[in-house]
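Remarks on the overall topology
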Amino acid sequence: MKEDGNMKNILKYTMMLVLPLAFAACTEEMDEMMQPTSELQFVVGDFPAYDATTRAIGTSDKGKTEWTNGDQLIVTIGGNNMADQSLTLTLSIGGDNSHEWTPDKTIKYDKKVTPELTVTAIYAPCYEVDADGNKVLKEGMQLGMTEYLTAHCDETDGYVNINFDGVIRDYSRLRIAGLKNTAYTVTTTDFTPVGGGTVPTDGYTLVTDEKGNAYLYGTFAKDATVTVKVGETELRKHTFTYSATEDAKSYVLDAIPTYTYDETTKTYYVYKVEGLYAWNTAAQTDLSTNLVLMADITMSTVADGENNWTPVGTATTNNHYTGTIEGNGYTISGLTINGKIVSAGFVGYALNATIQNLTLTQVNVTASNPVHVGGIVGYARNSTISGCAVTGNLTATGSTATWLTIGGIAGWVYNTDVTDCKNEANLTSSAEFTGIFAMGGITGKSNASINGCTNSGSVTGGSTTNENTTAAIGGIVGQYEGEKYEISLGGEVQSYYAVMHKNTNSGSVIGGSATNIYTGGLAGMEKSTVGDSATYGSVVFSCNSNSGTVKDKDGNELNCLVGGSATRESDSETYQPLTMLTDCDGSCSSASGE
């Protein structure tokens, strides 16, 4: 019996020992199950700018040089006992230029189960992560349309460092310089897109950015080709004849057209000097052909005494330019006209035409035996000229007949308003004239409104030994006369022949020699025409100013805004004298033509 009791005590102690051990083992197992998982944090380095340079075609562009708001990286996390998981990091840039990369999902892992992680990260805007966590091409994207950069990655204590320093591009970049926001079809041969894969059978559809650039990334083999089209029109085809493209090097292909033509509106949209010449050729035949500039243009350089431009429209009956020229704020530089010509200018003779927003720089016009000389137009009738500008030199030589008119913008404008134009060109004349000579910074002669124009070019009047001659030289206009205009003065509407409003001259004005000479800071001569059946008011000058020096041919200073007045009457009708208004905050600001 005693032996049995001892056995029971042994069993009892044994059970007591086993239970704590079992409980301890269970506790350790629960601790492992309740061990908190780690959550990954991401740190991203600077963007690796493409340091390859290309010559400037269209708009010079280095490509992407830094991270921008909304940029994305695709990150894949894996490791022992852990299936690969992919996520997308999206960049948000704060007002203080702080960068925050936010994952679209949270990846947690157990450090004890997976002590080391494998991390890869790519910058490849053509890819996205689908709902199943797979990396797939975005809709409408193809390999080769974007960069494909693989970063250096490492993970330490839950922080994933993504670094692009020293990343090597094992591919080249082709920049297609074209028109902004335009869809191009680009087909290739022997081209391997970055990231692998195949070239689309029908080619790439690339849309240029605001700078007019689109890109292909990959490698072109020797003798590979690339063809660029808009619709069915082939713009450019290039063969890599000498060698394959080099890694990390940027190439550029000019896909800007010389011009496009709209048959419905008979309009040339011009991008290059060749297109401008094409418009000129067409307009010489069809004088209603319109022009729209789409880029700055530099004319071809010519030797002294030669031309690079033939004015559109002449004084010959039915040979006047009647179309529309829209400069779009772009500049044509280096226009050169030399030799014997009647009406010299970008446009020679305009009728019922519109010319606007056109800038001509480095103009060089030397017209022999001319009648009308202007930077924009020699002579304009029943037209409108607005928002134009000219720099350079305009000169008349030789001898002329009854009239000679010279202006920085226009030689002679008839029933043609000139608005918001600017002249910086210097005007001179050595031409002998037998009748009337009119020279002005904006226009030589006008009978319509001149509003909001400025002249800073020098105006140096001509001289003649002929008798019975008249010369009118002014900072804005040489001779000014006009049709009927209505203007409100103190609430009362009054009639005037022409209105010069808010014009400014700062250029020097030097008179010439003639039987009658009129020289003024604003106008050389104002001339009122009196009608047969009614008495109209005279010319009105409102809110104009002159800061340029005014001198006669001998260098004597003249203190006058208008050199003189004259009238042409019929049936003994009377006229009103020149009205000069300076109250720019008052009633003189509402001039309107009739």
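Reference entry: report on the structure contained in this document. (Residues numbered from 1 in each chain as written. Predicted model: local features only at pLDDT ≥ 70, side-chain atom pairs only at ≥ 80, totals over all residues. Heavy atoms only, no water.)

1. Some details on the packing of aromatic side chains
Inclusion rule: Pairing of aromatic side chains requires ring centres within 6.5 Å, counting the rings of Phe and Tyr and the six-membered ring of Trp. Pairs whose planes differ by under 30 degrees are stacked, by over 60 edge-to-face, and all others tilted. Runs of H or I in DSSP of at least four residues are treated as helices and runs of E of at least two as strands, each being numbered from the N terminus. To sort residues, take the accessible area from a 1.4 Å probe on protein chains only and compare it with the maximum for the residue type: under 20% means buried, over 50% means exposed, and anything in between is partly exposed. Over a ring means this: the NZ of a Lys or the CZ of an Arg is within 6 Å of the ring centre and within 35 degrees of the ring normal.
Within the structure shown, the criterion is met by 23 aromatic pairs. Seen from their ring centres, tryptophan 67 and tryptophan 101 are 5.2 Å apart, and the 85 degrees between their planes marks the pair as edge-to-face. Highlighted residues: tryptophan 67 in the loop between strand 2 (41–44) and strand 3 (72–79) and tryptophan 101 in strand 5 (residues 99–103), separated in sequence by 34 residues. Tryptophan 67 sits in the buried class, given a relative accessible area of 7%. An aromatic cluster of three or more residues is present, and its members are Phe47, Trp67, Trp101, Tyr123 and Phe164. Stacked on the ring of tyrosine 127, the Lys or Arg lysine 135 has its end atom at 4.9 Å from the ring centre.

2. Brief notes about the pattern of salt bridges
Here the idea is simple: oppositely charged side chains can pair when their charged atoms come close. Put simply, the test is: The term salt bridge refers to a side-chain nitrogen of Lys or Arg lying within 4 Å of a carboxyl oxygen of Asp or Glu.
The full count for this structure, using the stated rule, is 7 salt bridges. Taking the shortest distance from any N to any O, the salt bridge between arginine 169 and glutamate 147 comes out at 2.8 Å. Taken together, the residues span a long stretch of sequence, with arginine 169 in the loop between strand 12 (159–163) and strand 13 (172–177) and glutamate 147 in the loop between strand 9 (135–137) and strand 10 (149–150) at a distance of 22 residues. Accessibility assignment for this pair places arginine 169 and glutamate 147 in one class, buried. For aspartate 286, the salt bridge identified is with lysine 266, shortest N-O distance 3.1 Å. Here the residue aspartate 286 occupies a position in the loop between helix 2 (273–285) and strand 21 (290–293), and lysine 266 occupies one in the loop between strand 19 (259–262) and strand 20 (267–270), the gap between them amounting to 20 residues. The class for aspartate 286 is partly exposed, based on a relative accessible area of 28%. Taking relative accessible area as the criterion, lysine 266 reaches 29% and is therefore assigned partly exposed.

Functional significance is not addressed by these values, which are geometric in nature.
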